[in-house]
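Residue-level structure breakdown
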Amino acid sequence: MNFASDNVVGAAPEILAAIVAANEGSLSSYGDDPVTTRMTARFDAIFERKVAAFPVGTGTAANALALAALTPPHSAIFCHAKAHIQDGECGAPEFYTGGAKLLTLPGEDGKIAAATLQRAIAEAGVGSSGGVPVAAVSITQASEAGTLYSPAEIRAIAEIAHRNGLSLHMDGARFANAVAALGLSPAEITWRVGVDVLSFGATKNGAMGAEAVVFFEPARGSELPYRRKRAGHLFSKQRFLAAQLEAYLTGDLWLRNARHANRQAARLAGGLRALPGFSLRYPAEANIVHVEMPEPAIRRLQEAGAVFHRRGGPDSRLVRLVTAFDTRPEDVERFIEIAGVASVAR
């Protein structure tokens, strides 16, 4: 019953098999290999257009390098107050941009509203000679709260951003979960609604360790090869990153994995919400559930071996539960059962 994160699980068998297959023989290094060529074609296919996709080793690198390509060092980036680039990346976006500031915005359910962005742009004086000019907006899909931006919400944000000369970045660490939950094509929630660059995540959904920076206008990624090399994320044996991403995007693997994780989260949310003293903090729309539960239930679950994180400090009753591509339904049921016994006992 480990619901601490979708990073705690291993890699999907299909991904491991692809790595083993890529290990055969000798191939050109630094991405000049047929595996990377095939991977690139897979990205073009799923996004229904020619894109520029650059494999990197971590999600932090994908976010920081994507934002560095959009943001001069004297500029700023709008993001949600709970965005991973703000709370979980040790200043990497500021470092790789050469000093750009992150300006945080409030927003219900982990999302930025278009109206909030419009006010922030007006208050920041975008286009004026004073203060720090804002260059980009970053949104997270699925959000850190486990919620989803609809295409209409993304389009509204993009239109405001572009009208004011800002680029739109999407942190897609859990992009597959969003695509699976919304039932829309990747194109429909990215470039067709105004996203300029996507940090495409795979590690949380079955890869051993592979992400990609995806530019929907390839010319905008012209600097990325140099930035990636300078950052230490141009792998000499890039075929091993590319093999993971190629396998991930072949057939239905990436969406099948995400659907499974989403289903288990929905079962957790539904089962826990029905218990006395339990309540969901946010809608559980992807594979993250935030639930407030009685302290006796937290202790009983921990004593039974369940692993999860409290949010808001060691005494908080708000718990975050994250499901993964290989979460066992029986673990979900056992978690709900123990929580239910504890809620009755209290």
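Along the chain, Ala64 falls in helix H3 (residues 59–70). For Ala64, a relative accessible area of 0% corresponds to the buried category. As for Ala64 and Arg263, which are separated by 199 residues in sequence, their C-alpha atoms are 31 Å apart. Ala64 has contacts with Ala92, Pro93 and Tyr96, leaving out every residue within four places of it along the chain.

Looking now at empty space enclosed by the protein. If a probe the size of a water molecule is rolled over the atoms, the empty space left behind becomes visible. Per the stated rule, a full pass over the model turns up one cavity of 30 Å³ or more. Within this model, the largest cavity holds a volume of roughly 60 Å³. If one sorts the elements of the lining of the largest cavity by residue count, strand E4 (residues 134–140) sits on top with three residues. Its residues assigned to classes, the lining of the largest cavity comprises four nonpolar, five polar and two charged.

Once that is clear, we can look at helix H2 (residues 34–47). When the terminal C-alpha atoms of H2 are compared, their 20 Å separation across 14 residues agrees well with the 20 Å that a helix rising 1.5 Å per residue should span. Among the residues of H2, those classed as buried are Val35, Thr36, Met39, Phe43, Asp44, Ile46 and Phe47. Those residues of H2 that are buried are in contact with strand E1 (52–56), helix H8 (175–182), strand E6 (197–201), strand E7 (211–215), helix H10 (239–249) and helix H11 (253–273). Where H2 begins, one side-chain oxygen reaches toward the backbone nitrogen of Val35, 2.9 Å away; that side chain belongs to Asp33. Glu48 lies just past H2 and shows a positive phi near 60°.

So, on to the side chain of Thr190. Along the polypeptide, Thr190 turns up in the loop between H8 and E6. The exposure class of Thr190 is buried, given its relative accessible area of 0%. Within the structure, Thr190 has its side chain in polar contact with the backbone oxygen of Pro186 (distance 2.7 Å). If sequence neighbours within four positions are ignored, Thr190 has contacts with Phe47, Met170, Phe175, Val195, Leu198 and Phe216.

The next thing to look at is the side chain of Asn262. With respect to the helices, strands and loops of the structure, Asn262 is situated in helix H11. Looking at Asn262, the relative accessible area reads 10%, which means it is buried.

In spatial order, the strands read E8-E9-E11-E10; together these four strands make up an open sheet with antiparallel pairing. Each of the sheet's edge strands pairs with one partner strand only, and the pair in question is strand E8 (279–280) and strand E10 (309–310). One ladder, built from two bridges, connects E8 with strand E9 (residues 288–292); its direction is antiparallel. Paired with Leu280 across the strands is Val291, a residue of E9. Along the sheet, H11 contacts E8, E9 and strand E11 (318–322); its crossing angle with E9, the most-contacted strand, is approximately 15°.

Before going further, it helps to examine the sheet that holds E1. An order of E1-E7-E6-E5-E4-E2-E3 is seen for the seven strands of this open sheet, with the pairing classed as mixed. Two strands lie at the open edges of the sheet, namely E1 and strand E3 (101–105), each paired on one side alone. Within the sheet, the average angular offset between the axes of one strand and its neighbour, ignoring direction, is 20°. Judged from the five bridges that link them, E1 and E7 form a sheet pairing that is antiparallel. Residue pairing in the sheet places Phe54 in a bridge with Val213 of E7.

As a further point, take the layout of surface pockets. Space inside the largest pocket adds up to approximately 440 Å³. Lys82, Asp87, Glu144, His290 and Arg311 are the residues nearest the centre of the largest pocket, which is lined by 19 residues in total. Elements with a contribution of two residues or more to the lining of the largest pocket: helix H4 (84–87) and E11. Each residue belonging to the lining of the largest pocket can be placed in one class, and the counts come to four nonpolar, six polar and nine charged.

Look at H2 against H10: their axes get within 8 Å of each other, and the N-to-C directions meet at 35°. When the axes of H2 and H10 are compared, the crossing they make is left-handed. Every residue of H10 that contacts H2 at Val35, Thr36, Arg38, Met39, Arg42, Phe43 and Ile46 is listed here: Arg239, Ala242, Ala243, Leu245, Glu246 and Leu249. Here the residues of the contact of H2 with H10 are counted per class, giving eight nonpolar, one polar and four charged.

It is worth spelling out the packing of aromatic side chains at this point. Scanning all chains against the criterion turns up 13 aromatic pairs. Ring geometry for Phe54 versus Phe215: centroids 6.1 Å apart, planes at 85°, classification edge-to-face. Placement of Phe54 in strand E1 and of Phe215 in strand E7 is noted, with a sequence separation of 161 residues between them. Neither Phe54 nor Phe215 differs from the other in exposure class; each is buried. Three or more aromatic residues joined by ring pairs form one cluster here, namely Phe43, Phe47, Phe175, Phe200, Phe216, Tyr248 and Trp254. Lying across the ring of Tyr149, Lys111 places its NZ or CZ 5.7 Å from the centre.

Criteria and thresholds
- Residues numbered from 1 in each chain as written.
- Predicted model: local features only at pLDDT ≥ 70, side-chain atom pairs only at ≥ 80, totals over all residues.
- Heavy atoms only, no water.
- Helix = DSSP H or I, 4+ residues; strand = E, 2+ residues; numbered from the N terminus.
- Buried < 20%, exposed > 50% of the residue type's maximum accessible area, 1.4 Å probe, protein only.
- Contact = heavy atoms within 4.5 Å.
- 1 Å grid on protein atoms, 1.4 Å probe; cavity = no way out; pocket = protein on both sides within 12 Å on 5 of 7 lines; lining within 4 Å.
- Points joined across faces, edges and corners; volume = space filled by probe spheres on them.
- Nonpolar A, V, L, I, M, F, W, Y, C, P; charged D, E, K, R; others polar.
- Expected span 1.5 Å × (residues − 1).
- Polar contact = N/O pair within 3.5 Å; in protein donor to acceptor, adjacent residues only side chain to side chain.
- Pairing = 2+ DSSP bridges.
- Axes fitted to C-alpha atoms, helices over the stretch in contact; angles between N-to-C directions.
- Left-handed = near helix turned anticlockwise from the far one by under 90°.
- Phe/Tyr/Trp six-rings, centres within 6.5 Å; stacked < 30°, edge-to-face > 60°.
- Lys NZ or Arg CZ within 6 Å of the ring centre and 35° of its normal.

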